[in-house]
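Inside the fold
Spelled out, the chains give:
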Amino acid sequence: EWQINADCGETSADHPLVKTMEKSLKALNIPAVLEGAYFHTDMGWVEKAGIPIVNFGPGDPRDAHGNDEKCPVEDLIQAAKTIALTILEWCGTVE
């Protein structure tokens, strides 16, 4: 039984944004893992506005949004690099 009225979202694995992020991960030698999230995000609201979106971030989601929230610094750095490369490629600024 659902306990929250959540606007869930889904982006196809073959969507160009997903492929662009996979390319960025590959460039950084980070394995791409495509899977559904088992927690609520605001992804559905963005998707309903017609904006392509992926749910991506550093660390283990089980460690997020709690009293002892934590994330390894290296995970944060790798996520920032991945997001930056993805934005540059998506916006057409990489030559």
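Taking 1.5 Å of rise per residue, the 18 residues of helix α3 (residues 73-90) would be expected to cover 26 Å, and the 26 Å separating its terminal C-alpha atoms lies within 8% of that figure. Those residues of α3 lying buried are Ala79, Thr82 and Thr86. An end-on view of α3 places all buried positions within 65° of arc, on one side of the element. Opposite the packed face of α3, turned more than 90 degrees from it, sit the exposed residues Val73 and Leu76. Those residues of α3 that are buried lie in contact with α1 (16-27). Immediately beyond the C-terminal end of α3, within one or two residues, lies Gly92, with a positive phi of roughly 75°.

Here we take up the layout of surface pockets. Put simply, the largest pocket is a space of about 1400 Å³. Taken together, 42 residues line the largest pocket, and the ones lying closest to its centre are Glu35, Ala37, Phe39, Asn55 and Phe56. When residues of the lining of the largest pocket are traced back to their parent elements, those giving at least two are α1, α2 (43-48) and α3. Considered class by class, the residues forming the lining of the largest pocket number 24 nonpolar, 13 polar and 5 charged. Considering only enclosed or pocket space, the second largest pocket measures out at about 210 Å³ in volume. Considering the residues around the second largest pocket, the lining is formed by Leu17, Met21, Thr41, Met43, Ile53, Val54, Asn55, Phe56, Ile83, Thr86, Ile87 and Trp90. Elements with a contribution of two residues or more to the lining of the second largest pocket: α1 and α3. It is α3 that contributes the most residues to the lining of the second largest pocket, 4 residues altogether. Split by residue class, the lining of the second largest pocket holds 9 nonpolar, 3 polar and no charged.

Conventions we followed
- Residues numbered from 1 in each chain as written.
- Predicted model: local features only at pLDDT ≥ 70, side-chain atom pairs only at ≥ 80, totals over all residues.
- Heavy atoms only, no water.
- Helix = DSSP H or I, 4+ residues; strand = E, 2+ residues; numbered from the N terminus.
- Expected span 1.5 Å × (residues − 1).
- Buried < 20%, exposed > 50% of the residue type's maximum accessible area, 1.4 Å probe, protein only.
- Arc of directions from axis to C-beta.
- Contact = heavy atoms within 4.5 Å.
- 1 Å grid on protein atoms, 1.4 Å probe; cavity = no way out; pocket = protein on both sides within 12 Å on 5 of 7 lines; lining within 4 Å.
- Points joined across faces, edges and corners; volume = space filled by probe spheres on them.
- Nonpolar A, V, L, I, M, F, W, Y, C, P; charged D, E, K, R; others polar.

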